[in-house]
Every structure is written in structure tokens, then in C-alpha cells.
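# Architecture and fold: a report
Here is how the chains run, residue by residue.
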Amino acid sequence: QSPPRAFGELLGDSPAMHRIYAQLPRLADSDASVLVTGESGTGKELVARSIHDHSPRARHPYVAINCAAMSETLLESELFGHMRGAFTDARQDRKGLFLEAEGGTLLLDEIGDMPAAMQVKLLRALEENRLRPVGSDREVPFNVRVIAATHRDLETAVEEERFRADLFYRINVIQLHLPPLRARGTDVLLLAKHFVERFASKAQRPIEGVDEAAAERLLAYSWPGNIR
């Protein structure tokens, strides 16, 4: 019996996607850290959400944060929380995303862009399953499965000392690489049909499918932005 054409919100029937579908149920059953790699727009966050939704943690929260374009201070406060008065705008205690995701899954999207000093603090938290909110002198335990995602080549970043090797090994227990859309053959037509139906319904337009000329153009394009 062949795998389904979809897993969660993922859609595709190419050999590349069948390989992904074959791995996802095992990843969902495991509690190991997962590193999802692939170009921007390939669906890394959808994969993380699907893993959570099919896991024993599904009834607990799924929380996602984009680690790019955040300063170390802001990212630390977002992840670990802070105490009232810890900094100028800290008017009340905040528990942070690790504790908001308690029992569930935390997606650290674009982890390859995380500031170096924050990488050290994250590693310590993951090793000990404890965190220290900004401005607190007490550590708090947490129970969260971490999924990390990046479009960057982290192995090269480790070699060039832009990403900590010990953190890389901590998050890269299982790696799942998403193929670019140009490597997925006729999946682009499945996706086009899916989006045509969705937006035709939303706009209340009587549009059905994609004609042959349009399909040829869709298949000939290289899709640098991938599915997004």
C-alpha cells in the first residue's frame, strides 16, 4: 500500500514527498529533537506542525518562534520569560514560550540565525531541561519537545564557527530535509489545483482546475520561492 498523498497539511505525490511521508509517523512517535532543513518556502513549519499534531503531545500546546532578526536580549525574554522589573519595559512577570509550550512542542524556526550568546543559553537549557527567566535567581523545569528549522547549511556554519557544534548535535538528533518544489515534478500541479480551489471558493468564482497551457508554464518554472 502506497503512502498517502498528504500528511497533515502537507500535499504531494512525488517520490521525494513519499520519502518524507514514510519518515513522519516515526518522527511523530519519537520524542527526539528534530532538525528540519530546506530552502525558504518549502514547508518546514507545516512539517513541524504535522509532527506535533500526530504525536502523543498533540493535546498540549504547539508554539513557534522565528529566531531571525531578534536581538539576544529580546529572544532570551521571548523564550525564557522575564520577571517584573528585569528591564525597562518589563511591567509584569512573563513566563516565555518554553513554559507556554509545556508538555507540547516548541518550533525554533530559523535557528541558524540565532545570536551566538543566545546559542550558549539555549544549549544549557536543553541539556538540563531547566531555564532561568530574565531577572530571576531561580531555575524552572520544563517538559517540551524541540523541533528546529533552518534554510541555512548548519554544518558549514559549525565549521566556520558561526554556529556552536555542541548545540548543532543537540538539535540534530534526527534530520529531515525538505526538497525544493523544482525537485518535486508534477506536485506543482497538485498544489496549483489545491490553491485554485481554495481561492475560487473564497472569492466565489466558478474556476475549476488548470488548463494545459497553464500547466506547462507551471511545470517549466523553477519556483525560487518554493511553495510559499
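Anything mentioned here points back to the structure above.
The present account deals with the structure reproduced in this document.

The rules behind each value
Residues numbered from 1 in each chain as written. Predicted model: local features only at pLDDT ≥ 70, side-chain atom pairs only at ≥ 80, totals over all residues. Heavy atoms only, no water. Phe/Tyr/Trp six-rings, centres within 6.5 Å; stacked < 30°, edge-to-face > 60°. Helix = DSSP H or I, 4+ residues; strand = E, 2+ residues; numbered from the N terminus. Lys NZ or Arg CZ within 6 Å of the ring centre and 35° of its normal. Core = buried A, V, L, I, M, F, W, Y, C linked by side-chain atoms within 4.5 Å. Buried < 20%, exposed > 50% of the residue type's maximum accessible area, 1.4 Å probe, protein only. Contact = heavy atoms within 4.5 Å.

Attention shifts here to the packing of aromatic side chains. Under the counting rule described, the total for this entry stands at five aromatic pairs. Between F195 and F199, the ring centres sit 6.3 Å apart and the planes meet at 20°, which makes this aromatic pair stacked. Placement of both F195 and F199 in helix α8 (residues 187-203) is noted, with a separation of four residues, approximately one turn of the helix. Relative to W223, the ring of Y221 lies with its centre 4.8 Å away and its plane at 85°, an arrangement referred to as edge-to-face. Every member of this aromatic cluster is reached through a ring pair, and the members are F80, F98 and F142. The ring of F199 has R198 sitting right over it, with the charged end atom 5.8 Å from the ring centre.

Further remarks concern the nonpolar core. By size, the foremost hydrophobic cluster in this structure holds 32 residues, and its most contacted members are L79, F98, L106, L108, I111, F163 and I171. Sorting the residues of this core by element identifies β4 (62-66), α3 (72-80), α4 (96-100), β5 (105-109), α5 (116-128), β8 (145-150), α6 (154-159) and α7 (165-171) as the ones contributing at least two each. Look past the residues within four positions of I171 in its chain and what remains in contact with it is S33, V34, L35, I111, L126, A148, L154 and F163. L10, M17, Y62 and L107 belong to the second largest nonpolar core, which has 18 residues in total.

In short, the description is geometric, and any link to function would need to be established separately.
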